[in-house]
Amino acid sequence: MKATLEYIWNQHAHSADAPVPWWLGGGFLAVVLGFIALSFSMGLEMYAAFAIIGAVFFVLILRSEVVWVLAVILGYLPIFWHGTDELSLLEILHATLFYGGLLWWFFHRIVIMRKPIHWSIGGIMYVLFMIQIMVMIPFSLMNGADPYILTREITVMGSPLLFIPISNAFTTRTRQKLLVIALVPALASISIKNIFLYREKLVNVVAQWEVGASRQSESYFLIFALVIIAFSLLVSSYRLRMWLPSAFVFVTSTLAAAITFYRTIWVAILIGFVVMGFYLGMKYWKRASTYLALSMLGGFIIFSSFFGKVISFEAILTSVTARFVSVERYFSDPSIINRNIEARAALKKMGNSVVVGTGLATTVRYHNFFTKQINETSWTHNGYPWMLFHFGIVGSIFLLGSYLFFYRKGVLIIRRLATRKDLPPRLIFQWQALAAAGVAITVGIFAISVTINQFFGRQPALIFAVIWGMFEVWSRELNIIKPRTSST
């Protein structure tokens with residue numbers, strides 16, 4: 001093993017174009033021949049061929065850390081598009097690409113390239129949180145966790161770890177633009193999908209508008225995040241080529257958010273606008289008021305084009321108003337009562353496991369307020385009891401602490417940019433707007449998770465992997481916090 005690593009290092013260090021030694025080539029050939037012989041003996045020739053092709057693509061992707069990260073981000077699109085309750089083949093392939101690539105990335109950077117890895121307190125806290133989850137696996141199983149569900153939930157909870165390679169690799173403007181190019185279209189396609197699916201539901205089902213009866217709400221956290229990101233790009237754009245796509249994405253994502261009919265998402269979006277305004281000041285509010293008015297006009301045109309022959313605009317305004325007015329009956333809402341029953345059951349079962357929790361994927365039984373039956377679930381609508389139930393005080397501190405740390409880092413980035421005199425004002429405002437969007441989305445997850453737990457899910461995991469990674473890069477670039485490096 002030592003000889004192999006030394007050979008790889010020497011070849012990389014000197015960029016030598018020399019044949020591999022006989023023992024390395026012979027060993028590789030023996031493995032391939034053994035694989036082929038085994039596949040033929042088991043009658044799995046076709047699957048073996050696909051495995052070899054997949055391995056070749058996997059190796060090609062891993063040749064560049066940037067290509068690998070972009071492939072992981074784009075790989076989320078089919079998973080979000082065809083979300084299933086069961087573990088799908090796409091999820092398995094994507095998890096292999098992500099976690100296999102992540103292990104290779106650490107190995108390549110530390111052992112082969114011998115480069116340090118930049119860490120921050122927030123990143124360390126999330127890694128410690130994942131370590132606690134892994135250490136608690138035996139306790140999870142002892143507390144009745146299903147191994148299949150446990151494996152899938154660990155896979156989901158580890159998704160934000162993508163921020164580590166992002167923070168270390170995407171250090172140039174070109175790479176950061178590629179990151180946005182990969183992220184925004186993937187998110188925007190979900191909004192477009194929701195609009196088309198909702199129109200089909202209206203055409204096929206609805207005779208009159210009924211609030212919530214036919215709503216289309218797939219990937220609502222992605223829609224919320226996209227509204228905030230698109231609005232930050234919209235208000236900070238100075239060129240038409242940037243303004244037009246930003247306006248289109250904002251209008252479509254806002255319409256997709258409206259037809260979810262989730263009041264929580266609506267309120268979170270409004271909170272996000274206010275949070276961005278709080279940190280960006282009057283320049284933001286002047287632009288925001290203008291663009292919001294134009295967006296409402298654009299939204300009306302899009303709504304009339306897609307839904308005009310199906311339902312009147314007055315009907316949807318009445319329904320939206322009714323949803324907002326019903327907020328005053330929040331505490332008497334049957335769905336809120338049911339969620340409170342879930343939360344109390346989870347906290348009660350936590351019992352003596354207050355410090356470290358019961359472990360991931362453990363279940364709780366409660367009496368469903370709607371069905372009058374006993375339900376058993378590992379997930380509760382309120383994210384905070386869910387967090388304490390599974391991870392206890394220690395894990396909750398690690399998890400919440402990582403979000404709060406990066407929230408603070410985003411605020412510091414905005415403030416430091418305000419003191420920079422060596423950069424053009426337009427660039428500073430664009431940079432501040434993107435940082436403010438990250439801060440607003442962080443506030444949004446705290447608000448949304450009171451009624452719809454977003455601390456668990458691939459959607460927020462992808463968003464925060466990008467936000468945390470970019471905050472790490474920008475804070476080092478602005479010299480806000482001296483980075484801590486480690487080669488292990």
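Residues numbered from 1 in each chain as written. Predicted model: local features only at pLDDT ≥ 70, side-chain atom pairs only at ≥ 80, totals over all residues. Heavy atoms only, no water.

Peer 1: Provide a residue-level description of the layout of surface pockets, including the pertinent values.
Peer 2: Taken as a whole, the largest pocket spans an internal volume of roughly 1,300 Å³. Taken together, 35 residues form the lining of the largest pocket, with Lys 177, Val 180, Leu 233, Met 242 and Leu 434 sitting closest to its centre. Broken down by element, the residue count for the lining of the largest pocket peaks at 9 residues, all from helix H10 (residues 173-204). Partitioned by chemical class, the residues of the lining of the largest pocket number 25 nonpolar, 5 polar and 5 charged. (1 Å grid on protein atoms, 1.4 Å probe; cavity = no way out; pocket = protein on both sides within 12 Å on 5 of 7 lines; lining within 4 Å. Points joined across faces, edges and corners; volume = space filled by probe spheres on them. Helix = DSSP H or I, 4+ residues; strand = E, 2+ residues; numbered from the N terminus. Nonpolar A, V, L, I, M, F, W, Y, C, P; charged D, E, K, R; others polar.)

Peer 1: How would you summarise the environment of His 94 if you had to cite specific residues and measurements?
Peer 2: Among the secondary structure elements, His 94 is positioned in helix H5 (residues 89-112). Separated by 22 residues in sequence, His 94 and Val 72 place their C-alpha atoms 7.1 Å apart. Setting aside chain neighbours within four positions, we find His 94 in contact with Val 72, Gly 75, Tyr 76 and Ile 79. (Contact = heavy atoms within 4.5 Å.)

Peer 1: Can you tell me about the pattern of salt bridges, naming the residues and giving the values?
Peer 2: Scanning the model with the defined rule gives 7 salt bridges in all. Measuring nitrogen to oxygen at the nearest pair gives 2.7 Å for the salt bridge that ties Glu 477 to Arg 173. Taken together, the residues Glu 477 in helix H19 (residues 458-477) and Arg 173 in helix H10 connect sequence positions 304 residues apart. Given a relative accessible area of 34%, Arg 173 falls into the partly exposed group. Bridged by salt links that share partners, the residues Glu 91, Arg 152 and Arg 458 form one connected network. (Salt bridge = Lys/Arg side-chain N within 4 Å of Asp/Glu carboxyl O. Buried < 20%, exposed > 50% of the residue type's maximum accessible area, 1.4 Å probe, protein only.)

Peer 1: Give a detailed account of the side chain of Thr 442, specifying residues and quantitative values.
Peer 2: Here Thr 442 is to be found in helix H18 (residues 425-448). Aside from chain neighbours lying at most four places away, what touches Thr 442 is Tyr 403, Tyr 407 and Phe 464.

Peer 1: I'd like to hear about the nonpolar core, residue by residue, with values.
Peer 2: Counting 117 residues, the largest nonpolar core has Trp 68, Met 157, Met 276 and Ile 441 as its most contacted members. When residues of this core are assigned to their parent elements, the largest contribution, 15 residues, is made by helix H11 (residues 220-236). By size, the runner-up hydrophobic cluster in this structure holds 7 residues, among which are Ile 341, Ala 345, Met 350 and Phe 389. (Core = buried A, V, L, I, M, F, W, Y, C linked by side-chain atoms within 4.5 Å.)

Peer 1: Describe a nonpolar patch on the surface, listing the residues and the values that go with them.
Peer 2: Where nonpolar side chains cluster on the molecular surface, the patch consists of Leu 87, Leu 89, Ile 92, Leu 93, Tyr 148 and Ile 149 and spans about 540 Å² of accessible area. The set of elements that each furnish at least two residues to the nonpolar patch consists of H5 and helix H8 (147-157). Examining the composition of the nonpolar patch, we find that 3 residues originate from one element, H5, more than from any other. With respect to the helices and strands, Tyr 148 occurs in helix H8. (Patch = residues over 30% accessible without salt bridge, like charges linked within 9 Å, V, L, I, M, F, W, Y side chains within 5 Å. Areas by Shrake-Rupley, 256 points an atom, 1.4 Å probe, with all protein chains shown as cover.)

Peer 1: Provide a residue-level description of helix H4 (residues 65-81), including the pertinent values.
Peer 2: Since the α-helix packs 3.6 residues into each turn, any two residues three or four apart lie on the same face. Between its first and last C-alpha, H4 extends 25 Å over 17 residues, near the 24 Å set by a 1.5 Å rise per residue. When H4 is considered as a whole, its buried residues turn out to be Val 66, Trp 68, Val 69, Leu 70, Ala 71, Val 72, Ile 73, Gly 75, Tyr 76, Ile 79 and Phe 80. (Expected span 1.5 Å × (residues − 1).)

Peer 1: Explain the packing of aromatic side chains residue by residue, including any values.
Peer 2: This model, assessed by the stated rule, comprises 31 aromatic pairs. Summarising the aromatic geometry, the rings of Trp 386 and Phe 391 are spaced 5.3 Å apart at their centres and angled 85° between planes, so their arrangement reads as edge-to-face. By the burial criterion, Trp 386 is buried, and Phe 391 matches it. Between Tyr 403 and Phe 464 the ring centres are 5.0 Å apart and the planes differ by 85°, which places this aromatic pair in the edge-to-face class. Separated by 61 residues along the polypeptide, Tyr 403 in helix H17 (residues 383-418) and Phe 464 in helix H19 bring together distant segments of the chain. A cation sits over an aromatic face here: Arg 173 above Trp 431, 4.8 Å from the ring centre. (Phe/Tyr/Trp six-rings, centres within 6.5 Å; stacked < 30°, edge-to-face > 60°. Lys NZ or Arg CZ within 6 Å of the ring centre and 35° of its normal.)

Peer 1: Requested: an account of unusual backbone geometry, with residues and values cited.
Peer 2: Phi at Arg 114 is positive, roughly 55°, even though this residue is not glycine. Residue placement: Arg 114 occurs in the loop between H5 and strand E1 (117-119). Of the residues examined, Arg 114 reaches a relative accessible area of 53% and is grouped as exposed. Not every positive phi belongs to a glycine, and Ala 361 is a case in point at roughly 75°.

Peer 1: Tell me about the environment of Leu 183, and please be specific about residues and values.
Peer 2: Checked against the element boundaries, Leu 183 lands in helix H10. Residue classification places Leu 183 among the buried positions, given a relative accessible area of 7%. In sequence terms Leu 183 and Tyr 76 are 107 residues apart; their C-alpha atoms lie 9.7 Å from each other. Residues contacting Leu 183, with those up to four places away along its chain left out, are Ile 73, Leu 462 and Val 466.

Peer 1: Describe the packing of H4 against H5, naming the residues involved and giving the relevant values.
Peer 2: Direction vectors running N to C along H4 and H5 enclose 160°, while the axes themselves pass 10 Å from each other. The pairing of H4 with H5 is recorded here as roughly antiparallel in orientation. Judged by the twist between their axes, the crossing of H4 over H5 is left-handed. Of the residues in H5, those in contact with Glu 65, Trp 68, Ala 71, Val 72, Gly 75, Tyr 76, Pro 78 and Ile 79 of H4 are Leu 90, Glu 91, His 94, Leu 97, Phe 98, Gly 101, Leu 102, Trp 105 and Arg 109. Split by residue class, the contact of H4 with H5 holds 11 nonpolar, 3 polar and 3 charged. (Axes fitted to C-alpha atoms, helices over the stretch in contact; angles between N-to-C directions. Parallel < 35°, antiparallel > 145°, perpendicular 65-115°, else oblique. Left-handed = near helix turned anticlockwise from the far one by under 90°.)

Shape is all these values report; function is a separate question.
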